[in-house]
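# Inside the fold
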Amino acid sequence: MSRKEKHHERHANLTLFGKDLVRRCAAHCELCQQSGVPLNIFEVPPVPSEPDYEHCLMICETCQTQVERPKRLNANHWRCLGTTMWSEVTAAKVTAMVILNHLAKKEAWAQELLEQAYLSEEEEAWIAQWTLV
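Computed from a predicted model, the values in this text were never measured in an experiment. (Residues numbered from 1 in each chain as written. Predicted model: local features only at pLDDT ≥ 70, side-chain atom pairs only at ≥ 80, totals over all residues. Heavy atoms only, no water.)

Once that is clear, we can look at the pairing of strand β2 (residues 56–60). Consecutive residues of a regular strand have side chains that alternate between opposite faces of the sheet. With respect to burial, β2 is a largely interior element, 5 of its 5 residues being buried. Side-chain alternation along β2 places Cys-56, Met-58 and Cys-60 on one buried face and Leu-57 and Ile-59 on a second face that is also buried. As defined by bridge partners, strand β1 (residues 39–43) adjoins β2 across 5 bridges and the pair is classed as antiparallel. Across the sheet, the residue bridging to Phe-42 is Leu-57, located in β2. (Buried < 20%, exposed > 50% of the residue type's maximum accessible area, 1.4 Å probe, protein only. Helix = DSSP H or I, 4+ residues; strand = E, 2+ residues; numbered from the N terminus. Pairing = 2+ DSSP bridges.)

Pasting the structure below:
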């Protein structure tokens, strides 16, 4: 199977989660809570070999662009993570913590949020596997 075919197959498998993800997020970005904008399925790293609902988030284009290109992070956009870091959706919580870890190098408010966080061992292990570069 070619790389392109594998990509299309993975995308098709991810779209099977679409309805459940939309229901879970109530048509809001699971990172910044923005509504009324198109949302995309985002696989939270490290991406498992097979698509996994627990590794997926519905996020807006702004969040996706910034997560995929961390050098362009707009720190003020991410102040919303003070709420997201308490999400019951583990993938959202993990993503929030990874972004806060990245921002904390330059942003005091991000460091303060990190100091308030409570993480399970499983969440800490997941976070340890992903760094924004």
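From this point, the discussion proceeds with the structure in view.
This paragraph deals with the packing of aromatic side chains. Per the stated rule, a full pass over the model turns up 1 aromatic pair. Ring geometry for Phe-17 against Tyr-53: centres 5.9 Å apart, planes inclined by 75 degrees, an arrangement best described as edge-to-face. With a gap of 36 residues between them, Phe-17 in the loop between α1 (3–15) and α2 (18–25) and Tyr-53 in the loop between β1 and β2 connect regions that are remote in the sequence. What makes Tyr-53 partly exposed here is its relative accessible area of 22%. Its end group placed over the ring of Tyr-53, Arg-24 keeps NZ or CZ at 5.0 Å from the ring centre. (Phe/Tyr/Trp six-rings, centres within 6.5 Å; stacked < 30°, edge-to-face > 60°. Lys NZ or Arg CZ within 6 Å of the ring centre and 35° of its normal.)

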